[in-house]
Structures are given as structure tokens and as C-alpha cells.
Amino acid sequence: MAAKDFIVAIELGSSKVTGIAGKKNMDGSMSILAVVTEDSSTFIRRGIVYNIDKTSQCISNIVQKLKNILKTNIAYVYVGVGGQSIRCLKNVIVKNLPADTIVSQEMVDELMDGNRNMTYQDQEILGAATQEYKVDNQYQLDPVGIQCERLEGNFLNILWRKQFYRSLNKCFDMAGVAVAEMRLAPLALADSVLTEVEKRSGCLLVDLGADTTTVSVYYKNILRHLVVIPLGGNNITKDIASLQMDESVAENMKRKYGSAYTENNEIDNQLMLPIDSERSIESRKFIDIVEGRVLEIVENVWYQVPAEYANDRLLGGIILTGGGSNLKNIETAFRNHTHVEKIRTAKFVTQTITAKDPIITDRDGSMNTVLGILAKGSMNCAGPEVDPNAGLFDEQQPVTTGEIHREPRNIRDIDSGVVLTEAEKEAHERLRNDAAAKVAESGVTEGAEEEETKEEDKISGVRKSLKRFFVNLLKEDE
């Protein structure tokens with residue numbers, strides 16, 4: 001039986017591209033209807049699209065496989081945005097006000113608009129997280145209704161290289177797959193694995209991926225820092241592979257024998273670990289290789305945490321997730337270096353999920369991001385039911401992203417985790433240009449009317465002067 005109501009999410013990871021279809025139930029839970037994956041190691045590196053043709057073909061394959069399972073065409077998809085070069089930058093917008101002014105929502109919106117209109121060389125603003133507002137000399141989360149003379153907005157802009165942003169959009173355009181909404185993957189993940197208490201009291205979320213590790217800092221329910229570092233589980237695998245073995249063998253050895261931390265008294269110097277039927281490696285040498293790379297990752301993660309939060313504002317602790325969090329004793333490795341005692345591993349999302357596929361039910365943390373993106377979806381992605389008797393040329397014409405976002409949403413109504421597609425940005429640009437043209441036209445008209453009024457005033461003045469002249473002349477004759 002064909003599915004008629006579902007949401008589709010796609011995550012483009014460094015090791016695999018994942019497509020998932022699920023249905024939201026009345027009780028708030030989600031039922032997973034289909035999951036498909038394809039290897040992406042040859043065209044996506046560190047979360048970045050490097051081969052547009054292969055990536056677009058992979059997206060087409062993912063959508064086609066989901067369509068075959070669901071027996072329904074897919075009209076739109078939700079997409080996660082993440083990967084190397086994502087970083088954050090603080091920005092301050094100031095508005096000086098007349099004395100005794102009471103802050104209104106319109107004033108706050110003007111500050112937000114001013115921040116969104118910021119431009120950075122070669123960088124695209126993916127989203128902006130409001131930190132707080134400074135009302136005169138006091139910080140407030142909501143300044144509306146407060147009297148002040150100076151209003152300051154503090155924002156955290158999340159940036160990505162324009163080249164990467166455009167490449168991602170182009171892949172979906174070439175694949176003929178319409179994007180309902182792009183989401184910042186780290187924010188969608190955080191909303192699905194962190195508790196409200198952790199976000200409020202301050203926590204560090206570490207997503208250990210294949211090629212990258214994403215570091216997010218939360219405090220008082222606000223994202224305070226976000227960065228993606230180019231180190232992940234594959235770096236450990238490659239270090240092991242340097243012992244003259246294939247990477248697939250090295251990956252298996254990492255999964256079987258790898259440990260992020262081992263006590264010295266537990267190391268057997270005589271133990272040999274088999275590589276294959278003819279070769280083996282000393283256990284201590286293997287441990288040193290794995291621990292050395294893990295320590296590098298942990299040090300880089302901790303280095304990214306701003307000092308004002310690393311000292312005493314992580315009462316919620318450190319939360320580890322992602323495929324790399326499955327490495328044995330990974331929590332111990334983080335605890336030894338950071339001296340943060342409260343550490344947990346998020347193996348699964350907080351939402352209630354029902355599924356039959358082992359890739360979901362294994363709950364190993366590798367599906368948390370795509371499930372988080374799926375949970376953010378609200379639009380029914382189902383198209384018409386697939387006609388089994390349809391010919392090759394009878395396929396449904398795909399809806400384009402541009403058609404969905406021809407009338408763009410009000411940016412003020414979109415939360416900070418949403419990334420505007422290129423189609424939406426172009427639509428907003430058209431609206432701005434139209435508004436600017438109307439203002440310019442209005443200015444020209446007003447200018448012409450003003451000139452005409454001045455000319456009329458001049459003529460009227462001349463008439464009055466002539467009248468006074470003749471009146472005076474007649475009086476002199478009398």
C-alpha cells in the first residue's frame with residue numbers, strides 16, 4: 001500500500017548519504033517508513049561536496065529508492081547543512097534612541113534585520129543566534145517594553161563558504177529534487193539529543209563524525225559557540241592503515257580492538273593483534289596509535305570552547321554523539337583531559353521512534369543527526385502515488401525548489417536553525433529590489449512635484465511684485 005503522508009530528510013555525510021522517510025504520529029512519536037544509504041567517500045569530504053555530478057546522482061538514487069519503497073512520488077525533501085568551514089562570528093548592532101524611548105518589537109526587528117544584512121567576504125550567513133540585548137548598561141533577553149536611550153543587539157552569525165553553499169544547492173537542482181527546507185544540522189541534532197536542563201545550565205555537545213567533529217556550546221538555552229574541526233574517526237583509521245594494511249582492515253581493527261584510553265597496568269606487552277592470517281601487530285603499538293589520535297581530537301575540541309564557558313559554565317557537562325562516540329572508553333579520554341566529570345554519550349535521540357530497520361534500532365548514535373532533521377520537518381513530502389503501469393516518459397514532472405519558494409517566507413518568522421535556499425534568497429532579493437525601485441520612483445515623483453511647486457511660487461512672487469509696482473505707480477500719479 002502506498003504511503004500518503006510522510007516527511008523525507010537527507011543528510012550528506014562524509015562516509016554515507018542517508019535518506020529517511022518517517023511519519024509523525026498524533027502522540028508526538030515518529031514512525032520510520034524507509035531508510036536508504038549510499039557510500040559517499042568518493043565525492044563528499046569532511047561534509048563538503050567535492051564532486052557535484054556524483055553527489056547529484058547519489059541524491060537522485062536515494063530519492064528513487066525511497067520512492068520505490070514508499071510506492072509514492074516524493075515532492076520535497078528536508079536537507080541538513082553541515083561540514084568543514086562552518087564557524088561562528090559575533091556581531092553587535094547598536095541603535096541610539098531619543099530620551100525616554102520605550103523599546104518596541106519593531107526596534108528589535110530592525111536590529112535583527114541589520115544583522116541579517118551583514119556581508120562577509122566569501123562567506124554566506126547560514127543562520128543567526130540572538131545572544132542577548134544590552135539596554136543602556138544592562139543585559140536583557142527580551143528588551144521590549146523597557147525604557148532606554150541606547151539599544152544594543154548581540155548576535156552569533158553562523159557562516160559557511162559561499163562556494164560550498166552554492167555547490168550544495170546546485171546538487172539538488174541538478175538532481176531535480178525540490179528542497180522544502182534546509183536546516184543547520186548541528187542545531188537540529190542539539191534539539192534532538194540535549195535536554196532543556198543541559199542547555200539551560202550550560203553544556204558542550206561533541207558530534208564525532210567520520211571526517212569532522214562538530215563542537216557546540218550552549219548556555220542559558222542559547223547557542224554560544226559553534227565550529228567544525230577537520231578531524232574524525234577516519235583519521236584514526238588512516239593512522240592504523242599506515243601499518244601497511246588496507247583501510248577496510250584498519251577500520252575493522254579499530255572497531256574490534258580500538259580504545260580511546262587504556263590503563264598502563266592493563267596493557268599486555270606480549271600480546272599481538274592479528275592483521276591477517278600472516279601478520280600481526282604489537283598491542284602496545286596499536287594502543288599508542290589510537291590513543292595518540294584520540295588525544296589530538298579531544299585537545300582540539302577543548303581548545304575550541306571559549307574560556308568563559310570552559311571554566312565554570314558547563315554544569316550540564318559534555319555530551320558525546322555520532323558514530324565516533326562508539327569507540328571504547330571515549331568518555332574516559334574526554335574526562336581525563338577536560339577534567340569535566342559529568343559526561344554522557346547520546347546513543348539516540350530524545351524523541352520516541354518506532355522502526356524495524358537495524359540501522360535505526362541499533363541506536364549507535366550514527367543516525368541522530370538525520371533523525372533530528374526529520375523531526376524538524378512539517379510539510380507533507382508525499383507526491384502522487386506511483387503508477388505501476390506508467391511508461392518511462394510518463395513520470396511525474398518534479399517540483400522545483402524555485403516553485404516552492406516563489407513567495408518567500410518572512411525571515412522574521414523563521415527560527416535560527418533554518419538555512420534559506422538560493423531560490424529563497426533570490427526571491428528575497430527580488431522583493432528588496434522592487435521595494436528599492438518603488439522608493440526611488442516615489443523620490444523622483446516627489447522631487448518633480450517639489451520643483452513644480454517652487455516654479456509656481458516663483459511665478460506667483462513675480463506677479464505680486466508687478467502688482468505692488470503698478471499700485472505704487474498709480475499712487476504717485478495721484
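Just so you know, these numbers come straight off a predicted model, no measurement behind them. (Residues numbered from 1 in each chain as written. Predicted model: local features only at pLDDT ≥ 70, side-chain atom pairs only at ≥ 80, totals over all residues. Heavy atoms only, no water.)

### Things to note about the packing of helix 6 (residues 233-241) against helix 8 (residues 283-303)
And then number 1: Contact geometry for helix 6 and helix 8: axes closest at 9 Å, N-to-C directions at 150°. As the angle between them shows, helix 6 and helix 8 are arranged roughly antiparallel. Every pair of crossing elements has a handedness; the one defined by helix 6 and helix 8 is right-handed. Residues N235, I236, D239 and I240 of helix 6 form the contact with helix 8, whose own contacting residues are F286, I289, V290, R293 and V294.
And then number 2: Of the residues assigned to the contact of helix 6 with helix 8, the class counts are six nonpolar, one polar and two charged. (Axes fitted to C-alpha atoms, helices over the stretch in contact; angles between N-to-C directions. Helix = DSSP H or I, 4+ residues; strand = E, 2+ residues; numbered from the N terminus. Parallel < 35°, antiparallel > 145°, perpendicular 65-115°, else oblique. Left-handed = near helix turned anticlockwise from the far one by under 90°. Contact = heavy atoms within 4.5 Å. Nonpolar A, V, L, I, M, F, W, Y, C, P; charged D, E, K, R; others polar.)

### Regarding the sheet that holds strand 20 (residues 353-354)
Each strand in a sheet pairs with another by means of backbone hydrogen bonds, the pair being arranged parallel or else antiparallel.
And then number 1: Read from one edge to the other, the open sheet built from seven strands follows the order 20-3-2-1-7-12-22, with strand pairing classed as mixed. The outermost strands of the open sheet, each flanked by one partner alone, are strand 20 and strand 22 (418-419).
And then number 2: In the packing of helix 4 (residues 185-193) onto the sheet, the strands contacted are strand 7 (77-81) and strand 12 (179-184), and the crossing angle to strand 12 comes to about 75°.
And then number 3: The strands touched by helix 12 (residues 368-376) are strand 1 (7-12), strand 2 (16-24), strand 3 (30-39), strand 7 and strand 12; relative to strand 1, the strand with the most contacts, the crossing angle is about 145°. (Pairing = 2+ DSSP bridges.)

### Regarding helix 8
And then number 1: Taking 1.5 Å of rise per residue, the 21 residues of helix 8 would be expected to cover 30 Å, and the 30 Å separating its terminal C-alpha atoms lies within 8% of that figure.
And then number 2: Burial in helix 8 covers these residues: S283, F286, I287, I289, V290, E291, R293, V294, I297, V298, V301 and W302. (Expected span 1.5 Å × (residues − 1). Buried < 20%, exposed > 50% of the residue type's maximum accessible area, 1.4 Å probe, protein only.)

### Here's the deal with empty space enclosed by the protein
And then number 1: Counted according to the given criterion, the structure contains one cavity of 30 Å³ or more.
And then number 2: In this structure, the largest cavity spans a volume of roughly 70 Å³.
And then number 3: What lines the largest cavity is simply L12, I44, G47, I48, V49, G80, V81, G82, W160, F164 and L168.
And then number 4: Elements that contribute at least two residues to the lining of the largest cavity include exactly strand 5 (48-49), strand 7 and helix 3 (162-175).
And then number 5: Within the lining of the largest cavity, the residues separate by chemical class into eight nonpolar, three polar and no charged. (1 Å grid on protein atoms, 1.4 Å probe; cavity = no way out; pocket = protein on both sides within 12 Å on 5 of 7 lines; lining within 4 Å. Points joined across faces, edges and corners; volume = space filled by probe spheres on them.)

### Concerning the packing of aromatic side chains
And then number 1: As enumerated under the stated definition, the model contains four aromatic pairs in all.
And then number 2: Centre to centre, the rings of Y133 and F155 are 6.2 Å apart; their planes meet at 90°, and the pair counts as edge-to-face. Taken together, the residues span a long stretch of sequence, with Y133 in strand 9 (residues 123-135) and F155 in strand 11 (residues 147-161) at a distance of 22 residues.
And then number 3: By relative accessible area, which is 4% here, Y133 ends up buried.
And then number 4: Centre to centre, the rings of W160 and F164 are 6.0 Å apart; their planes meet at 55°, and the pair counts as tilted. F164 matches W160 in its accessibility class, with the two residues each being buried.
And then number 5: Between the NZ or CZ atom of R363 and the centre of the ring of F348, over which it lies, the distance is 4.0 Å. (Phe/Tyr/Trp six-rings, centres within 6.5 Å; stacked < 30°, edge-to-face > 60°. Lys NZ or Arg CZ within 6 Å of the ring centre and 35° of its normal.)

### Some thoughts on the packing of helix 8 against helix 10 (residues 330-338)
Helix-helix packing: each pair is described by the crossing angle between the helix axes and the interaxial distance.
And then number 1: Where helix 8 meets helix 10, the axes come as close as 10 Å, and the angle between the chain directions of the two elements is 55°. One finds that helix 8 runs oblique with respect to helix 10. The two elements helix 8 and helix 10 meet at a crossing, and its hand is right-handed. Residues V294, L295, V298, E299, V301 and W302 of helix 8 touch helix 10, and the partners they reach there are I330, A333, F334, H337 and T338.
And then number 2: Classifying every residue of the contact of helix 8 with helix 10 gives eight nonpolar, two polar and one charged.

### As for the side chain of T262
And then number 1: Locating T262 in the fold gives a position in the loop between helix 7 (247-257) and strand 16 (272-274).
And then number 2: The contacts of T262, once residues within four sequence positions are left out, are I267, I287 and E291.

### A closer look at unusual backbone geometry
And then number 1: Its identity as a non-glycine residue notwithstanding, K71 has a phi of 60°, on the positive side.
And then number 2: By the element assignment, K71 lies in the loop between helix 1 (52-70) and strand 6 (72-74).
And then number 3: Positioned with a positive phi, S85 is a non-glycine residue whose angle comes to about 85°.
And then number 4: Relative to the assigned elements, S85 resides in the loop between strand 7 and strand 8 (87-102).

### Some details on the pattern of salt bridges
And then number 1: Summed over all chains, the structure comprises 18 salt bridges.
And then number 2: By sharing partners, the salt bridges in this structure join D191, K199 and K376 into a single network. (Salt bridge = Lys/Arg side-chain N within 4 Å of Asp/Glu carboxyl O.)

### Some remarks on the environment of G80
And then number 1: Structurally, G80 is set in strand 7.
And then number 2: Aside from chain neighbours lying at most four places away, what touches G80 is I10, R183, A185 and I373.

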